[in-house]
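A closer look at the structure
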Amino acid sequence: MSRELFDPELDLLVERVIRAPREAVWRAWTDPKRFEQWWVPAPAVCRVERLDVRPGGAIVTRLSEDGGEFVPHLDAVILAADELERIAFTNAIDSTWRPADAQPIAVTADVFLDDHPDGTAYRMVARHGDPTSRKRHAELGFADGWGTVIVQLAELVEK
């Protein structure tokens with residue numbers, strides 16, 4: 001799918017220039033220990049159960065608000081993984097390739113990494129099936145949530 005296919009009626013977008021090479025950003029997406037450090041907004045804690053970044057692979061994470069009990073967070077299938085360039089996944093299908101009752105909303109996330117004079121141009125498109133789902137995702141705090149984790153990702157790889 002082309003990155004130019006952004007539909008403002010159905011999609012949400014976050015973009016940022018990360019002052020680190022694409023290799024560092026890619027590694028933060030593909031190394032479970034690094035992924036855990038940025039994937040959920042702090043002070044919540046992430047635990048990676050499965051991170052298999054390849055087409056047909058999966059992302060399965062658990063979340064703890066206080067570092068104590070971990071509850072299911074994301075169970076998604078990887079749709080595309082083009083090394084150093086793109087990762088796409090959806091929670092509409094779970095890691096066992098079964099249709100999922102995606103909560104709180106079904107979404108396909110499309111992450112693009114491009115070279116930038118200052119490091120990496122990072123673009124994440126959240127694709128929704130209808131305008132109501134897009135609106136609900138926005139109301140649930142898409143901009144704050146994804147904005148926070150991208151800041152955390154940048155802080156990790158810019159060190």
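Here, every reference points to the structure presented above.
Small disclaimer: the values here were computed from a predicted structure and weren't measured.

**Focus on helix α3 (residues 131-139)**
If you check the start of α3, you find a side-chain oxygen 3.1 Å away from the backbone N of Thr132, and it comes from Asp130. Positive backbone phi, approximately 105°, marks Gly141, located one or two places after α3.

**Focus on the packing of aromatic side chains**
Applying the stated criterion across every chain, the model contains nine aromatic pairs. Between Trp29 and Trp39 the ring centres are 5.5 Å apart and the planes differ by 65°, which places this aromatic pair in the edge-to-face class. One end of the pair, Trp29, is in helix α1 (residues 22-30); the other, Trp39, is in the loop between α2 (32-38) and β2 (45-51), and 10 residues separate them in sequence. This pair shows no difference in class: Trp29 is buried, exactly as Trp39 is. Following the ring pairs from residue to residue traces out a cluster consisting of Trp29, Phe35, Trp38, Trp39, Phe89 and Trp146. Sitting over the face of the ring of Phe70, Arg47 holds its NZ or CZ atom 3.8 Å from the ring centroid.

**Here we look at unusual backbone geometry**
Cis peptide bonds are those with omega within 30 degrees of zero, and the linkage from Ala42 to Pro43 qualifies with 15°. Structurally, the position occupied by Pro43 is in the loop between α2 and β2. Of note, Leu84 is a non-glycine position whose phi angle comes to about 70°, a positive value. Of note, the phi angle at Trp97 is positive, near 65°, even though the residue is not glycine. With respect to the helices and strands, the residue Trp97 is situated in the loop between β5 (86-90) and β6 (108-116).

**Considering the environment of Glu49**
Here Glu49 shows up in strand β2. As a C-alpha pair, Glu49 and Arg136 span 87 residues in sequence and 27 Å in three-dimensional space. The residues contacting Glu49, other than those within four sequence positions of it, are Val60, Thr61 and Arg62.

**Comments concerning the pattern of salt bridges**
Scanning all chains against the criterion turns up 10 salt bridges. Measuring nitrogen to oxygen at the nearest pair gives 3.2 Å for the salt bridge that ties Arg123 to Glu15. Of this pair, Arg123 sits in strand β7 (residues 119-127) while Glu15 sits in strand β1 (residues 11-18), placing them 108 residues apart in sequence. Under the relative-accessibility criterion, Glu15 is labelled exposed at 53%. Two residues, Arg19 and Asp118, come together in a salt bridge whose shortest N-O distance is 3.5 Å. Here Asp118 lies in the loop between β6 and β7 and Arg19 lies in the loop between β1 and α1, a separation of 99 residues in the sequence. Judged by relative accessible area, Asp118 falls into the partly exposed class, the value being 39%. One connected set of salt bridges, linked through shared partners, spans Asp11, Arg86, Asp110 and Arg127.

What counts as what
Counting restarts for each chain, with residues numbered from 1 along the sequence as it is written. Only residues with pLDDT of at least 70 are given local features in this predicted model, and only at 80 or more are side-chain atom pairs given and counted; all residues enter the totals for whole chains, interfaces and linings. Heavy atoms from the whole structure form the basis of all side-chain values; hydrogens and water molecules are not counted. For this analysis, a polar contact is any N or O atom pair within 3.5 Å, provided that within protein one partner can donate a hydrogen and the other can accept it, and provided that sequence-adjacent residues contribute only side-chain to side-chain pairs. Comment: elements are numbered from the N terminus, with helices defined as DSSP H or I runs of at least four residues and strands as E runs of at least two. We call Phe, Tyr and Trp rings a pair once their centres come within 6.5 Å, taking the six-membered ring for Trp, and we label the pair stacked below 30 degrees between planes, edge-to-face above 60, and tilted otherwise. Burial classes: relative accessible area under 20% of the type maximum marks a residue as buried, over 50% as exposed, and values in between as partly exposed (1.4 Å probe, protein chains only). When the NZ atom of lysine or the CZ atom of arginine is within 6 Å of a ring's centre and also within 35 degrees of its normal, the charge is said to sit over that ring. For this analysis, residues touch if any pair of their heavy atoms sits within 4.5 Å. Between Lys or Arg on one side and Asp or Glu on the other, a salt bridge is scored when a side-chain nitrogen of the former is within 4 Å of a carboxyl oxygen of the latter.

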